[in-house]
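Results of the structural survey
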Amino acid sequence: MLLIGIETYENIIMNKPKQLTFPWSKPNKSNFNEYYFDDANKALQNKILEHEDIVLYGIKKTGKTYLLQSLCNYYADKNKLSLFIPLAEVTSLETSIFDSIESMDIICIDDLDAIKGFPEWEIALFNLINNSLISGCRLVFGTSQNPASINFSLSDLDSRIRKINSTEVFPINNENLHKAIKKISQFRSIRLGDKELNYLITYTERSIDSLINILNKLDDLSIEQKRKITIPLIKEII
């Protein structure tokens with residue numbers, strides 16, 4: 001039994017736990033309907049739903065974590081076991097959290113490059129990959145580095161990761177940020193006028209990750225204060 005703080009585990013998401021139980025859980029509503037697939041990422045939209053293992057890589061703040069969480073929820077909606085693990089937040093824990101989890105239908109592992117240089121974690125991940133090949137558990141990874149350039153200390157793990165198909169997640173083109181935020185706000189029934197949207201994109205970091213975080217805060221503040229989303233309200237957030 002693992003005796004580890006619940007706070008650390010809050011970012012590990014397990015959906016539809018039918019066979020295994022874990023001392024953590026965090027509700028998550030990430031879904032593909034709220035992700036804007038730019039033209040450069042159209043191929044990714046189909047690849048991520050295939051059964052094959054895959055490594056998603058690309059610069060930070062392109063939505064890789066969101067895609068992994070959405071994929072877990074996609075499987076859960078089909079009554080399948082899914083698990084999301086952010087490696088950057090669990091390397092201080094026991095590697096035994098990987099024990100017997102290959103019985104899941106899918107495991108989405110974020111921050112793949114975070115365990116580089118941690119021998120015990122590299123071995124644990126290598127064993128999980130081998131066990132998942134036998135059990136049929138699908139593994140989907142996320143990393144900010146091209147998997148071919150991570151260079152794990154464990155050569156066997158390096159070889160395994162390089163054999164997995166990889167797909168780059170590109171940032172949304174600046175010209176399409178307006179469309180992306182518009183789509184997401186409409187899906188969430190958030191009333192955001194063009195004037196307010198233009199102000200938001202002009203005066204904040206031009207990344208989908210940052211914009212969605214601000215949009216979430218605006219929505220919460222708007223509901224809390226019973227105010228429309230206006231430029232003065234945006235200024236209170238940014």
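As a reminder, the structure under discussion sits directly above these lines.
Computed from a prediction, not measured in an experiment: that's the story for all the values here. The residue numbers shown here count from 1 along each chain, following its written sequence. Side-chain atom pairs in this predicted model are given and counted only at pLDDT of 80 or more, local residue features only at pLDDT of at least 70, and totals for whole chains, interfaces and linings cover all residues. With hydrogens and water stripped out, all remaining heavy atoms of the structure feed into the side-chain values.

What follows deals with the nonpolar core. Across soluble globular proteins, you tend to see nonpolar side chains buried next to one another. For our purposes a nonpolar core is just a set of buried Ala, Val, Leu, Ile, Met, Phe, Trp, Tyr and Cys residues, chained together by side-chain atoms within 4.5 Å. Throughout, exposure labels follow a simple rule: accessible area from a 1.4 Å probe, protein chains only, divided by the maximum for the residue type, with under 20% read as buried, over 50% as exposed, and the rest as partly exposed. If you look at the biggest cluster of nonpolar residues, it comprises 29 residues, and the most contacted ones within it are F98, I107, L125 and F141. Among the elements that line this core, the one with the most residues is helix 4 (residues 119-135), at six residues. Helix numbering and strand numbering both begin at the N terminus, where a helix is a DSSP run of H or I of at least 4 residues and a strand a DSSP run of E of at least 2.

With that out of the way, let us pick up the pattern of salt bridges. In what follows, salt bridge is the name for a side-chain nitrogen of Lys or Arg lying within 4 Å of a carboxyl oxygen of Asp or Glu. For the structure shown, the criterion picks out five salt bridges. Note that K61 and E205 form a salt bridge whose closest N and O atoms lie 3.2 Å from each other. Of this pair, K61 sits in the loop between strand 2 (54-57) and helix 3 (64-77) while E205 sits in the loop between helix 7 (194-202) and helix 8 (208-225), and the two are 144 residues apart along the sequence. Residue E205 is classed as partly exposed on the basis of its relative accessible area of 41%. Close ionic contact of D194 with K182 constitutes a salt bridge, the shortest N to O distance being 3.0 Å. On the criterion of sequence distance, the pair formed by D194 in helix 7 and K182 in helix 6 (residues 177-187) is long-range, its members being twelve residues apart. For D194, a relative accessible area of 42% translates into the label partly exposed.

By themselves, these figures tell us nothing about what the structure is for.
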